[in-house]
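This is what each chain is made of:
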Amino acid sequence: MKVSRIVVILLFLLLLLPATAWADPWQDYQRAGEFEAGDPATAEGLYRSAAAAFEASGDLKNAGLAWQKIFHLYDRQGKLAEAGAAYVKEAALFQQAGVPDWAWGDTARGESLKSVLRLFFPVPDPGRITLAKFEPAAGTYLGIYEERGPAGNDYNRVKDLYGRQHALFLGYGHIYGPGNFVLPRDAMEKARQVPGAGLVLALEPNGGLEGLREEDLVAIARELAALKIPIFLRFASEMNMEGTNAWHGDPVAYVTWFRRAATIMRREAPNVALVWNPFDIVQPEGVKAAALEYYPGDDYVDWVGVNFYSDYYLSGRADQPGAGLDPLQRLDYWYRIFAGRKPLMVGEFAIAHTVLSPGRADVSRWAAFNIRKFYRTLPLLYPRVKAVVYFDLNESDPLYTQAKVSDYRLDDNQEVLTAYREAIAGPHYLEQVGQEAPGTYRELEDGMAIQGEVTLGAAVKLYDPFISRVEYYLNGELLGSPASPPYQLTVDFNRLPGEGSLVVKAYDSQGREAISRTFTVFGSAIPVATFTPGQKGYTINGQAQEMDVAPFIENGRTYVPLRYLALALGVPEEDIGWDAVTETVTLKGAGHILRFYPGRAEMERDGRRQALDVAPLNRAGRVFLPARYVAEALGYRVTWSPARQQVLVIRE
């Protein structure tokens, strides 16, 4: 009997188990593939079911593969916000499984679809950092590669062309072998003639690391010292580019020669700052990190640079769209690794306004939008990026020997030129080495206290390369909707006592809400009055007072004693009346006469009756009612503070 009873119990328990416990996730995965073309919704559901089962069993690789399928399903349907979220899940699962490279084929597209919204506000003090050679405490040096540009013959013309003089000019030097080096002496001399300017020298060992000699580096250092202007030496930059540079492939030899160059420059040319400068590859961080094998160490590096370009198509391939890849995010990894130790320089940067390959297409609107967004948002996100060098070049130039996929020029396209002039016009961008900006930015965090009038700015990235507007709401009230990066709006937090809800929404190019964030913020206003349920103490303009009764909460509403509320709002004692016969409370204040009737859900204002949603209550010899009826009638506003658990009365 005992055995049969056990069998019956087991059968009963098995019947109670959910069907998914017995389902084979591979069946769902394979069936989903059959539905992809004709019924993507069913396919998605099956892939999700498979992904959940794989993840629950600890099979993170196959869970990632299922999410990869979901990502591609959404992308093909044009559900871009959902695709971005699916990519994040896919990449996270592959990372946890120890196979981050499985997501690499989706990186460019997936990263372009992720939506991000962060808020920042200006602060005068950049914080305590140890400044590197030539580093401004705040601000970013404007830089440009102009050897092939319209001001190539005279760098003093740059201000007339672009509206601001530039602090840095980029030139290239080459070491072809022992005793065979060429410096950009023309660019060096033209930079020397611009007051306050410095030179960014990309010194490339084209003959390979084995072609370097210390005596050549000494000769170069002495020539640079003779210039007597600030020089940022990008020694053997883009060392992480396999198949492109002769100095790639031997990190140990690279580090050795960078350290020798740094030692020589510091001895022979004190006007030279050493810049270690990789290229940002559009790949996951595991690929980017390979460049760190070439890092010479903090003792030998003054600045960290990074090069990258924004192309409508990556590598000139139509199957690799780059239009949605926000150029700002190319700085994320390098900034996180180095900003606490070194200032950063964008050594080369440009945004294409014309596609040269594949085909030929005018993408000026996209370029202009991203130029404004990059320069205006960079100070918010990356305050320790202290220099940006724009690469003003058309890759179809016969002297340009690499891939000819984009036209990055500033001067030949009026829309792009206007965008650049406007983008660099603010005081954050510096025209001379040694200048400083008036301040920097701090990120707004949830629960932060803010005083006075503050200009908020938003760093926004969407699945859509264009953003139509950003809306700001404070306690439900729309404050404004700026439409241009960085979507700045001035908010007066002197009007906010205690905490408030700040909601920020970003909209895509079609006017659809794409992302929203809610912040709890604490303003700097002192309430006219505060009342706390259960406590007889209250405040008037911050001063503590006492009552003979306490406010209370009933049916979700907070009732305060009418007499003390009236006194807090400036109604004189003699203008607070109680008629015991008619059971009427009369208040005279702010030019109005108010009457309330305990037990009746109505009030009278200057002879006109108004309905109330609750009636005043007569308790312990006092009349109580929700504060907003009296406050609003007398020109005040009432809010409830969840953090303080208080009623706050504020001046309008």
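Since the structure is predicted, the reported quantities are computational estimates derived from the model, not experimental observations.

**Q** I keep staring at the packing of aromatic side chains and nothing clicks. Help me out?
**A** To describe a pair of aromatic rings, one takes the distance between the centres and the angle between the planes. Overall, the coordinates contain 37 aromatic pairs when judged by the stated rule. Taking 5.2 Å as the distance between ring centres and 70° as the angle between the ring planes, the aromatic pair formed by tryptophan 26 and phenylalanine 54 counts as edge-to-face. Residue tryptophan 26 is located in helix α2 (residues 25–35), and its partner phenylalanine 54 is located in helix α3 (residues 40–56); the two are separated by 28 residues in the primary sequence. Here the aromatic rings of tyrosine 309 and tyrosine 408 are separated by 5.2 Å at their centres, their planes lie at 40°, and the arrangement is tilted.

**Q** Which parts of the structure should I look at to understand the pattern of salt bridges?
**A** For side chains of opposite charge, pairing can occur when their charged atoms come near one another. Scanning the model with the defined rule gives 40 salt bridges in all. Here arginine 267 makes a salt bridge to glutamate 268, at a shortest N to O gap of 3.1 Å. Classification of arginine 267 by relative accessible area gives exposed; the value is 53%. Taking the shortest distance from any N to any O, the salt bridge between glutamate 471 and arginine 469 comes out at 3.0 Å. Several salt bridges converge on common partners, so that one network encompasses Arg595, Arg600, Glu602, Glu604 and Arg609.

**Q** Can you walk me through the environment of glutamate 583 in this structure?
**A** Take glutamate 583: it is sitting in the loop between β28 (576–579) and β29 (584–589). Remark: the alpha-carbon pair of glutamate 583 and alanine 52, spanning 531 residues in sequence, is separated by 66 Å. Here glutamate 583 is in contact with Trp578, Phe596, Tyr597 and Pro598, once residues within four sequence places are set aside.

**Q** Looking at this model, I keep getting lost on the layout of surface pockets. Mind explaining?
**A** A water-sized probe, rolled over the atoms, reveals where empty space remains. Space inside the second largest pocket adds up to approximately 830 Å³. Lining the second largest pocket we find 36 residues, and of these Glu111, Lys114, Glu285, Gln329 and Asp332 sit closest to its centre. A per-element tally of the lining of the second largest pocket places helix α5 (residues 80–96) first, with five residues. Each residue belonging to the lining of the second largest pocket can be placed in one class, and the counts come to 18 nonpolar, six polar and twelve charged.

**Q** What's the story with the sheet that holds β29 in this structure? I'm lost.
**A** Sheet architecture is open: five strands sit in the order β28-β29-β30-β31-β32, paired in antiparallel fashion. The sheet is open, and its two edges are formed by β28 and β32 (608–611), each paired on a single side. Direction aside, neighbouring strands of the sheet carry axes that sit 20° apart on average. Relative to β32, strand β31 (residues 602–605) runs antiparallel, the two being bridged by four bridges. Across the sheet, glutamate 604 pairs through a bridge with arginine 609, a residue of β32.

**Q** Quick question: what am I supposed to make of the environment of isoleucine 467 here?
**A** As for its position among the elements, isoleucine 467 is in strand β18 (residues 467–474). Given a relative accessible area of 5%, isoleucine 467 falls into the buried group. It is 9.3 Å that separates the C-alpha atoms of isoleucine 467 and alanine 514, two residues lying 47 residues apart in sequence.

**Q** So what exactly am I meant to see when it comes to the nonpolar core here?
**A** Side chains of a nonpolar character, in soluble globular proteins, are inclined to be buried together. Phe235, Trp276, Ile371, Tyr375 and Tyr390 are the most contacted members of the largest nonpolar core, which totals 168 residues. The dominant element in this core, judged by the number of residues it contributes, is helix α13 (residues 364–381), at ten residues. Dropping the residues within four chain positions of it, isoleucine 371 is found in contact with Ile351, Tyr390, Leu410, Val416, Ala419, Tyr420 and Ala423. Counting 38 residues, the second largest nonpolar core, distinct from the first, contains Val528, Ile540, Tyr559 and Leu562.

**Q** Sorry, what's going on with empty space enclosed by the protein here?
**A** Considering all chains together, one arrives at two cavities of 30 Å³ or more under this definition. Its boundaries defined by the atoms lining it, the largest cavity holds a volume of some 70 Å³. Taken together, Ala323, Gly324, Asp326, Phe369, Asn370, Lys373, Lys461, Leu462, Asp464, Pro465 and Ile467 make up the lining of the largest cavity. When residues in the lining of the largest cavity are grouped by element, the largest group, three residues, is from α13.

**Q** Please clarify how the sheet that holds strand β13 (residues 406–407) should be interpreted in this entry.
**A** Backbone-to-backbone hydrogen bonds join strands into a sheet, with any given pair of strands oriented parallel or antiparallel. Taken together, three strands build an open sheet; the order of strands is β11-β10-β13 and the sheet is antiparallel. At either end of the open sheet lies a strand with only one pairing partner, and these are β11 (361–362) and β13. The pairing of strand β10 (residues 354–355) with β13 spans two bridges and is antiparallel. Paired with valine 355 across the bridge in β13 is serine 406.

**Q** Explain unusual backbone geometry here, please?
**A** Glycine aside, residues mostly have negative phi, and peptide bonds are mostly found in the trans state. Across the junction of serine 357 and proline 358, the peptide omega takes the value 0°, indicating a cis bond. Tracing the backbone shows proline 358 in the loop between β10 and β11. The omega torsion of the bond from proline 485 to proline 486 falls at 0°, within 30 degrees of zero and hence cis. Summarising the element assignment, proline 486 is placed in the loop between β19 (477–480) and β20 (489–492). Notably, glutamate 583 is not glycine yet its phi reads approximately 50°, a positive angle. Residue glutamate 583 is classed as partly exposed on the basis of its relative accessible area of 40%. The phi dihedral of alanine 620 is positive, around 50°, even though this residue is not glycine. Mapped onto the elements, alanine 620 comes out in the loop between β33 (617–619) and β34 (622–625).

The rules behind the values
- Residues numbered from 1 in each chain as written.
- Predicted model: local features only at pLDDT ≥ 70, side-chain atom pairs only at ≥ 80, totals over all residues.
- Heavy atoms only, no water.
- Phe/Tyr/Trp six-rings, centres within 6.5 Å; stacked < 30°, edge-to-face > 60°.
- Helix = DSSP H or I, 4+ residues; strand = E, 2+ residues; numbered from the N terminus.
- Salt bridge = Lys/Arg side-chain N within 4 Å of Asp/Glu carboxyl O.
- Buried < 20%, exposed > 50% of the residue type's maximum accessible area, 1.4 Å probe, protein only.
- Contact = heavy atoms within 4.5 Å.
- 1 Å grid on protein atoms, 1.4 Å probe; cavity = no way out; pocket = protein on both sides within 12 Å on 5 of 7 lines; lining within 4 Å.
- Points joined across faces, edges and corners; volume = space filled by probe spheres on them.
- Nonpolar A, V, L, I, M, F, W, Y, C, P; charged D, E, K, R; others polar.
- Pairing = 2+ DSSP bridges.
- Axes fitted to C-alpha atoms, helices over the stretch in contact; angles between N-to-C directions.
- Core = buried A, V, L, I, M, F, W, Y, C linked by side-chain atoms within 4.5 Å.

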